Each structure stands twice: as C-alpha cells, then as structure tokens.
Amino acid sequence: MKGALPTVLLALLSGSPASAGPVQRRQETVTQTITASAPSAPTPWSWNAGGSQAWPIHESCNATERALLNKGLDDAAMLAAHAKDHVLRFGNSSAMYQKYFGTAPSAEVVGWYDKIANGDRSRFKFRCDNVDGNCVLPGWGGHWRGENGTDETVICPLSYTTRKPLEGMCGYGYTVATGALSFYFGSDLIHRLLHMPSVGEGVAEHFADSHAECLKLAHENPAEAVRNSHTLQYFALDAYAFDIALPNEGCSGKTPKKEGEKGDKGGHGATPPPPTTTTPSAASTTSAAATECHTHADGAVHCS
Ligand SMILES: *[C@@H]1O[C@H](CO)[C@@H](O)[C@H](O)[C@H]1NC(C)=O
Ligand SMILES: *[C@@H]1O[C@H](CO)[C@@H](O)[C@H](O)[C@H]1NC(C)=O
Ligand SMILES: *[C@@H]1O[C@H](CO)[C@@H](O)[C@H](O)[C@H]1NC(C)=O
C-alpha cells in the first residue's frame, strides 16, 4: 500500500497523451470563455437605476436623530399605507371616507397615500443642521426649505423630544378631532413630505386647516379636500386609529365648535418664515406660517 499512492499520482500527473488531450482542451475553453466574455459583458439595463427605498437622511443628522427620523418616516409610510388600503377596500362607501373627502372620486386620494408609502425616496432629503437658522424660532419642529432647497426639509431638535410614535395612537388623551396634526411624528412627516415638490407636486397644499374646516371642505369642495394636506393627515390618523390601533373604536373625538378653541390651527412649523422673494406658492405658505404659532394667555407659544 505504501508504494501505491505515488504510482497513482504519477499516473495522473503525467497521463497518457490520449487522456491529457481532452483535459487540456477543456481548460483552454474555460479560460477563453472567461477572458473573452467578462470585459465585454454589457451592463444590464435597469429601468429604476438610481431610485431608492431608503429614507434620505442627510449626514448632518447624528445617530439619535437618524434613528428617530427613520422611525418617524416609517410611521408616516405606515399611516399612509393603511389609509390607502382603507380606500382601496371601501372606496367612497366608507363613512370615514365621506367624512373627509365627501363625494370626491377616490383615485387621487389613493395616489397621494401611495406616493408617500411607496414612492421613490431618492428625490428629497431630510436634514438636521438648521442650515437656514429657523430652528431657533420658538416652537419650530422643522421646516421645508423653500427657495433654499426645494426638495429639502429641516427637522429641528424639538421634533425628536416631542413627537409621539405611532404605537401611542389614541393614547395620552389624544383624539383626532382635538389633537394637533404634529402630535404623532408620522402624521407630522406626512405633511412635510407633501411639501416636497417631488411628493406633493405643488398641488397637495393648504386649503383648510382646523378639523372643523377640513370637515366643511369635504362638503363644500371635495375636489380641494382630496388635495388638502391637513385632510390627508386627518383621514390617515382617523382610519389608522379606528381600523388598527383601537379596532372598531378609534379616537375620533368631537370636533371643537369654536375656531381656535383646540385642535390644529395652522399646522406644522413646516413652513418657512416670510422669504425675501415670494413666489405665489411661497406666499400662501407664508400666510399659513403666520397662523401656526400663537402665544397663549399663559405666555406659552404653541406651534404644531
Ligand atoms: C360613489 O361613487 C359612485 C361611482 O363609483 C357614485 O355613483 C356615487 O354617487 C358615489 N357616492 C358618494 C357618496 O360619493
Ligand atoms: C443628537 O442631537 C440631538 C439634538 O437634536 C441631541 O439631543 C442628542 O444628544 C444627539 N445625539 C448624540 C448621540 O450626540
Ligand atoms: C433661506 O436662506 C436665507 C439666508 O440664509 C434665510 O434668510 C431664509 O430665511 C431662508 N429661507 C427659508 C425658507 O428658510
């Protein structure tokens, strides 16, 4: 046995001309295939190259901000995805739908929510560096950068310490009718996403602010209700609360009768201060900004 192995190895290594031929040819063939095809292989065409489903969070955000912003944006997508599912399931036969969108056809509503939940995320950006200096303004949770960066939104430190997670839906005494639209980070960010031109397309805008005004708009102008960013926030919150968070109960609450009593006024701290050069759309957001922060009798400044 000791002498057997070297004999076999020798036989394999030297081989006979008859057996070496095919092996060598096969090796040559393999080598040629690799060298010939690798460099000249065409780059496969990818229709969605450059697109992204990751939230675009600027390098100015630290680890804490990045984690909380990612969570908030996931919440926004979850709210929007459920709102879409509700409309796809029930269309205009849903009482919840009629409450906020009246007799409007449902396709545009589905579209806005789908854009927020599933749209490409490479075309806008969230940053944390207070680049325009607005985060020093009392009560500002963030703002769309307007002419300084049309597809950029700054989220100020205040947001990370005040905005609630979606898991807390219907908690803390919150009701949809009386709560601020920025109470939950997810709903706040739906608003901020709609301000980005690549999402809101400049038509999802401000047509009504408070809960009472939004309900009125559903009756009086359904075509505007389906593009009203506050209405889109309210419906998503109400549907999620009733269908998911507290099934068949929700926390719709009672719409405050008197304007300004409670509930959401201007909306966000999402809009920039009066810019020096005003475009028509910047002018309309400026007027919204004017109503969004107000000083209460106790001296506290409230912005949503
Ligand atoms: C719902 O949509 C249908 C068309 O699909 C329309 O005929 C009907 O009037 C709508 N109902 C409401 C309450 O908007
Ligand atoms: C990140 O920034 C926030 C302010 O927005 C601050 O409270 C937090 O401590 C910072 N986190 C780290 C890890 O530095
Ligand atoms: C844009 O930048 C200028 C200069 O920094 C600033 O005064 C202005 O408030 C910024 N605009 C917005 C919308 O933040």
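Residues numbered from 1 in each chain as written. Chains lettered and ligands numbered in written order. Predicted model: local features only at pLDDT ≥ 70, side-chain atom pairs only at ≥ 80, totals over all residues.

Attention shifts here to the nonpolar core. Judged by nonpolar contacts, the single largest core of 56 residues is most densely connected at Ala-76, Leu-79, Ala-80, Ile-116, Ile-190 and Ala-236. Of all the secondary-structure elements, those providing two or more residues to this core are α3 (63-90), α4 (95-101), α5 (107-118), β3 (152-155), α7 (185-195), α9 (211-220) and α11 (229-245). Looking at which element gives the most residues to this core, the answer is α11, with nine residues. Apart from the residues lying within four places of it in its own chain, the contact partners of Ala-80 are Tyr-113, Ile-116, Ala-117, Ile-190 and Ala-236. (Core = buried A, V, L, I, M, F, W, Y, C linked by C-beta atoms within 7 Å. Buried ≥ 20, exposed ≤ 12 C-beta atoms within 10 Å, placed from the backbone. Helix = DSSP H or I, 4+ residues; strand = E, 2+ residues; numbered from the N terminus. Contact = placed C-beta atoms within 7 Å.)

Attention now goes to the sheet that holds strand β2 (residues 142-144). One open sheet accounts for three strands, arranged β1-β3-β2; its pairing is mixed. The sheet is open, and its two borders are formed by β1 (125-127) and β2, each paired with just one other strand. Adjacent strand axes in the sheet meet at a mean angle of 20° when their direction is disregarded. With three bridges connecting them, β1 and β3 associate as parallel partners. Of the residues in β3, the one forming a bridge with Arg-127 is Val-154. (Pairing = 2+ DSSP bridges. Axes fitted to C-alpha atoms, helices over the stretch in contact; angles between N-to-C directions.)

On average, residues of the chain score 81 in pLDDT, and 72% of them reach the 70 mark or higher. Scored below 50 in pLDDT, residues 260-304 shows 99 contacts in the model against residues more than four places distant or in partner chains. (pLDDT = per-residue confidence, 0-100.)

Before going further, it helps to spend a moment on the packing of α9 against α11. Running from amino to carboxyl end, α9 crosses α11 at an angle of 100°, the nearest separation of the two axes being 10 Å. Here α11 runs roughly perpendicular to α9, going by the angle between their axes. Contacts between α9 and α11 involve His-211, Cys-214 and Leu-217 from the former and His-230, Thr-231 and Tyr-234 from the latter. Partitioned by chemical class, the residues of the contact of α9 with α11 number three nonpolar, three polar and no charged. (Parallel < 35°, antiparallel > 145°, perpendicular 65-115°, else oblique. Nonpolar A, V, L, I, M, F, W, Y, C, P; charged D, E, K, R; others polar.)

Let us look at α7. Counting buried positions along α7 yields eleven of eleven residues, so the element is predominantly enclosed. Buried residues of α7: Phe-185, Gly-186, Ser-187, Asp-188, Leu-189, Ile-190, His-191, Arg-192, Leu-193, Leu-194 and His-195, and no others.

This paragraph deals with α5. In this model, α5 (twelve residues) spans 16 Å end to end at C-alpha, consistent with the 16 Å of a helix rising 1.5 Å per residue. Among the residues making up α5, those that are buried are Val-109, Trp-112, Tyr-113 and Ile-116. Around the axis of α5, the buried residues are gathered within 90° of arc, so they sit on the same side. Each element contacted by the buried residues of α5 is listed here: α3, α4, α7, α8 (197-200) and α11. (Expected span 1.5 Å × (residues − 1). Arc of directions from axis to C-beta.)

Another point: the packing of α3 against α11. A pair of packed helices can be characterised by two numbers: the angle between their axes and the separation between those axes. For the pair α3 and α11, the least separation of the axes is 9 Å and the interaxial angle reads 80°. Overall, the two elements α3 and α11 adopt an arrangement that is roughly perpendicular. Across from Leu-79, Ala-80, His-82, Ala-83 and His-86 in α3, the residues of α11 making contact are Phe-235, Ala-236, Leu-237, Ala-239, Tyr-240, Asp-243 and Ile-244. Residues belonging to the contact of α3 with α11 are distributed by class as follows: nine nonpolar, two polar and one charged.

Here we come to the environment of Lys-84. Position of Lys-84 relative to the elements: it lies in helix α3. On a C-alpha basis, the gap between Lys-84 and Ala-117 in space is 8.8 Å, while along the polypeptide they are 33 residues apart. Dropping the residues within four chain positions of it, Lys-84 is found in contact with Val-110, Tyr-113, Asp-114 and Ala-117.

What follows covers the pairing of β3. As paired strands, β2 and β3 are joined by three bridges and run antiparallel to one another. Bridging from a neighbouring strand, Gly-142 pairs with Ile-155 of β3.

Once that is clear, we can look at unusual backbone geometry. Positive phi values are uncommon outside glycine, yet Asn-130 reaches one of about 50°. Mapping Asn-130 onto the fold places it in the loop between β1 and β2.

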